[in-house]
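Report on the structure
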Amino acid sequence: MTRRGAWLVLLGLCGTPAEAMPSHVAVSAGSFFAAATRCEMQDFISQGQTKSLRAALNRYLSAADQKNIEAGYARGLQDSTVYVVELKRWAPFTPDSASCYRVQGVLDDYRGQLDAE
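Residues numbered from 1 in each chain as written. Predicted model: local features only at pLDDT ≥ 70, side-chain atom pairs only at ≥ 80, totals over all residues. Heavy atoms only, no water.

Once that is clear, we can look at the state of the cysteines. Following the criterion strictly, the structure yields 1 disulfide and no others. For C39, the disulfide goes to C100, at an S-S distance of 2.0 Å. Handedness here is read from the sign of the S-S torsion; for C39 and C100, about -85 degrees, the answer is left-handed. Placement of C39 in helix 2 (residues 23-41) and of C100 in helix 5 (residues 97-116) is noted, with a sequence separation of 61 residues between them. On the basis of relative accessibility, which here comes to 0%, the residue C39 falls in the buried class. Residue class for C100 comes out buried when judged on its relative accessible area of 1%. (Disulfide = S-S within 2.5 Å. Helix = DSSP H or I, 4+ residues; strand = E, 2+ residues; numbered from the N terminus. Buried < 20%, exposed > 50% of the residue type's maximum accessible area, 1.4 Å probe, protein only.)

Residue D43 is not a glycine yet carries a positive backbone phi of 60 degrees. With respect to the helices, strands and loops of the structure, D43 is situated in the loop between helix 2 and helix 3 (49-57). The exposure class assigned to D43 is exposed, which follows from its relative accessible area of 57%. Positive phi, close to 55 degrees, is recorded for K88, a residue that is not glycine. Looking at K88, the relative accessible area reads 67%, which means it is exposed.

The next subject is helix 2. Between its terminal C-alpha atoms helix 2 stretches 27 Å, which fits the 27 Å expected from 19 residues at 1.5 Å a residue. By the criterion of burial, helix 2 is predominantly enclosed, with 15 of the 19 residues buried. Immediately beyond the C-terminal end of helix 2, within one or two residues, lies D43, with a positive phi of roughly 60 degrees. (Expected span 1.5 Å × (residues − 1).)

This part is about the pairing of strand 2 (residues 89-92). When strand 1 (residues 81-84) meets strand 2, the two strands line up antiparallel, connected through 4 bridges. Pairing of Y83 across the sheet is with W90, part of strand 2. Between the end of strand 1 and the start of strand 2, which pair antiparallel, lie 4 residues, with K88 showing a positive phi angle near 55 degrees. (Pairing = 2+ DSSP bridges.)

Right, let's talk about the side chain of T81 for a bit. Along the chain, T81 falls in strand 1. Taking relative accessible area as the criterion, T81 reaches 14% and is therefore assigned buried. Contacts of T81, omitting those with residues within four sequence positions, involve S31, R75, G76, W90, A91, P92 and F93. (Contact = heavy atoms within 4.5 Å.)

By size, the foremost hydrophobic cluster in this structure holds 27 residues, and its most contacted members are F33, F93, V103 and L107. Put simply, the parts of the chain that give this core at least two residues each are helix 2, helix 3, helix 4 (63-79), strand 1 and helix 5. If one sorts the elements of this core by residue count, helix 2 sits on top with 9 residues. Among all residues touching V103, those that are not within four sequence positions of it are F32, A36, C39, I45 and F93. (Core = buried A, V, L, I, M, F, W, Y, C linked by side-chain atoms within 4.5 Å.)

Spelled out as structure tokens, the structure:
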């Protein structure tokens, strides 16, 4: 599976807000959004899209999901890391044109999934 495909699986929507995703998956999703924010801060991708996408997701997330995503977001933003579920560890993330291009692709795909809802 490609890294992009892995992010799409990671960010798969739960059926209803009551269905919480595993905490490590939510933390990982939050760390991905932190990576996207870092890409925005470095002007590798358009600014503001991460915040709006996170807001659009809230209707699909349980309170526990939101809390865990926020925890992953905070740590990822502070440490410039992403939590990789398959490796069960935090890995460094450095925003550059290649990594942010992949991040943008995932954001676009995920936005497309939300628009299809």
